[in-house]
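# Notes for the structure review
This is what each chain is made of:
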Amino acid sequence: MTAYRTTPKNFRPLLSPASLALLSCSNSSVEMMRALATAVATLEKEDQQRLLSAAMAEPLKHQIAPPFKRWSTWLMLGGRGAGKTFAGARWMTWNALAYPNMALIGPTLHDVREVMIEGASGLKAMGGPAFRPRWESSRRRLVWPNGAVAYAFSAEDPESLRGPQFHAAWADEFCAWPKPGETLAMLRFGLRLGEDPRLVVTTTPKPHRALKTLMAEPGVALTRAGTHANAGNLAPTFLRTLDSLYGGTRLAAQELDGVVVETDGGLFRAEDLARCRAARPARLDRVVVAVDPPATATGDACGIVVVGRRDDRAFVLADETARGLSPAAWAGRAVAAARLWTADALVAEANQGGDMVRSVLAQADPPCRVKLVRASVGKRARAEPVAALYEQGRVLHCGAFAALEEELMALGSGDLEHSPDRADALVWAVSELMLGEARRPRLRAL
């Protein structure tokens, strides 16, 4: 049985937690160089070389952890080859500079060693020449030159996570785990060392309940990256070949774009969403901001989606959906969007307290009229005519709205872990613009 020390023998931190927070999340090269210079000045020569060696890897924007204070779990959803391993290995390498005990969890022990540790973008490569860790196969652990240790675990054996405790952990290819929910829970019970233990999860998404539950959790910071975001580090023919074979399909949306794609019962098809991209028209006939208010301030998000119409087409302009806002805050956010896009109406669902919705929007001083709408049929029935418009190519997206598209594809599947607030708001907006009474075909009796 492996023995786990609270503090490994000979561990020597090269960074303070405050320096780690700045360096691992910095988007500014100037800021990072200043912080490095400050940290290096306090170290002996050998440790200076180790720190600088660990800092050599240059990440892309999506491979940098979110601002440090806002999350306990960083979830990175990426397509194949998007650079997820690089992001996870870089984050763990920075943590090895500051903390002694860590965990590595992959689908199998073979995956941990061959991808997370020995891979081209794995932990051995990330340390550089002076901070490269060594693998101790007999103890299934990785040891850095400063004494920091990361133990390897297989997601096939959740019970193996009973007992050990950690400052940080990296969970790779979460959606390939045989028991993702159970294993993640066991891992989190072990993240109990230090003042601020954290977890990074990297995976190509699949429509699993465990992933949807994780995405909806408070304290989870979500980063998305398609394969194209890392095109400069991939073979030129790789993307061309896959785009020609699978472009516009559900498989491409999942494996290349890193989008959670539903397969059964969904109204909105990945093929339709993939081809609905368009530039914003120079002129729009109408613009509305649709609001799907949350039932509570701490529960569901407030869906806020901006849609315009030009002739017989609708254009999705912005998704301003936000979670955890007070009524005054989400009303202010919706009104700000209405001002920015010169909307002629704020369309708000009134099923969750119509008088309150009208009141808080009025208090935010809207620049346009407020129209309350009530749901008399279920979400699927409301969304069906909008899905038909997508299939006809009459709704176009003027930007990348991955979270919104995931919710659209999940409508009708019956497997959502949260209310589809973004999708509901979009359905109200498109219905107002394209399916309102004035635009519906009428039958005349003869």
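Residues numbered from 1 in each chain as written. Predicted model: local features only at pLDDT ≥ 70, side-chain atom pairs only at ≥ 80, totals over all residues. Heavy atoms only, no water.

## What about the packing of helix α2 (residues 29-40) against helix α3 (residues 45-54)?
Running from amino to carboxyl end, α2 crosses α3 at an angle of 160 degrees, the nearest separation of the two axes being 10 Å. What the angle tells us is that α2 and α3 run roughly antiparallel. Crossing of α2 over α3 shows right-handed handedness. Here α2 contributes Leu 36, Ala 39 and Val 40 to the contact with α3, which in turn contributes Gln 48, Leu 51 and Leu 52. Of the residues contributing to the contact of α2 with α3, the split by class is 5 nonpolar, 1 polar and no charged. (Axes fitted to C-alpha atoms, helices over the stretch in contact; angles between N-to-C directions. Helix = DSSP H or I, 4+ residues; strand = E, 2+ residues; numbered from the N terminus. Parallel < 35°, antiparallel > 145°, perpendicular 65-115°, else oblique. Left-handed = near helix turned anticlockwise from the far one by under 90°. Contact = heavy atoms within 4.5 Å. Nonpolar A, V, L, I, M, F, W, Y, C, P; charged D, E, K, R; others polar.)

## Comments concerning unusual backbone geometry
Glycine aside, negative phi is the norm for most residues, and most peptide bonds take the trans geometry. Even without being a glycine, Arg 140 presents a positive backbone phi close to 50 degrees. Within the fold, Arg 140 resides in the loop between β3 (134-136) and β4 (141-143). Judged by its relative accessible area of 37%, Arg 140 falls in the partly exposed class. Unusually for a residue other than glycine, Glu 173 sits at a positive phi of about 50 degrees. Tracing the sequence through the fold places Glu 173 in the loop between β6 (168-172) and α7 (180-190). (Buried < 20%, exposed > 50% of the residue type's maximum accessible area, 1.4 Å probe, protein only.)

## A look at the packing of aromatic side chains
Here the structure, examined in full by the defined rule, presents 5 aromatic pairs. Seen in terms of ring centroids, Trp 71 and Trp 74 are 6.4 Å apart; in terms of plane orientation they differ by 55 degrees. Their pairing is tilted. Taken as a pair, Trp 71 and Trp 74 share a single burial class, namely buried. Geometrically, the ring pair formed by Phe 153 and Phe 166 is edge-to-face, given 5.7 Å between the ring centres and 75 degrees between the ring planes. Separated by 13 residues along the polypeptide, Phe 153 in strand β5 (residues 149-154) and Phe 166 in the loop between β5 and β6 bring together distant segments of the chain. Of the residues examined, Phe 166 reaches a relative accessible area of 1% and is grouped as buried. Connected via pairs of aromatic rings, a cluster forms that spans Trp 71, Trp 74 and Trp 91. Against the face of Trp 71 rests Arg 198, its NZ or CZ located 4.7 Å from the ring centre. (Phe/Tyr/Trp six-rings, centres within 6.5 Å; stacked < 30°, edge-to-face > 60°. Lys NZ or Arg CZ within 6 Å of the ring centre and 35° of its normal.)

## A word on the sheet that holds strand β11 (residues 313-319)
What the 6 strands build is an open sheet, ordered β13-β12-β9-β10-β11-β14; its pairing is mixed. Looking at the sheet topology across the chains shown, the edges are occupied by β13 (369-373) and β14 (395-397). In this sheet, adjacent strand axes meet at a mean angle of 25 degrees when their direction is disregarded. In the packing of helix α16 (residues 421-434) onto the sheet, the strands contacted are β9 (286-292), β10 (303-310), β11, β12 (345-349), β13 and β14, and the crossing angle to β10 comes to about 25 degrees. (Pairing = 2+ DSSP bridges.)

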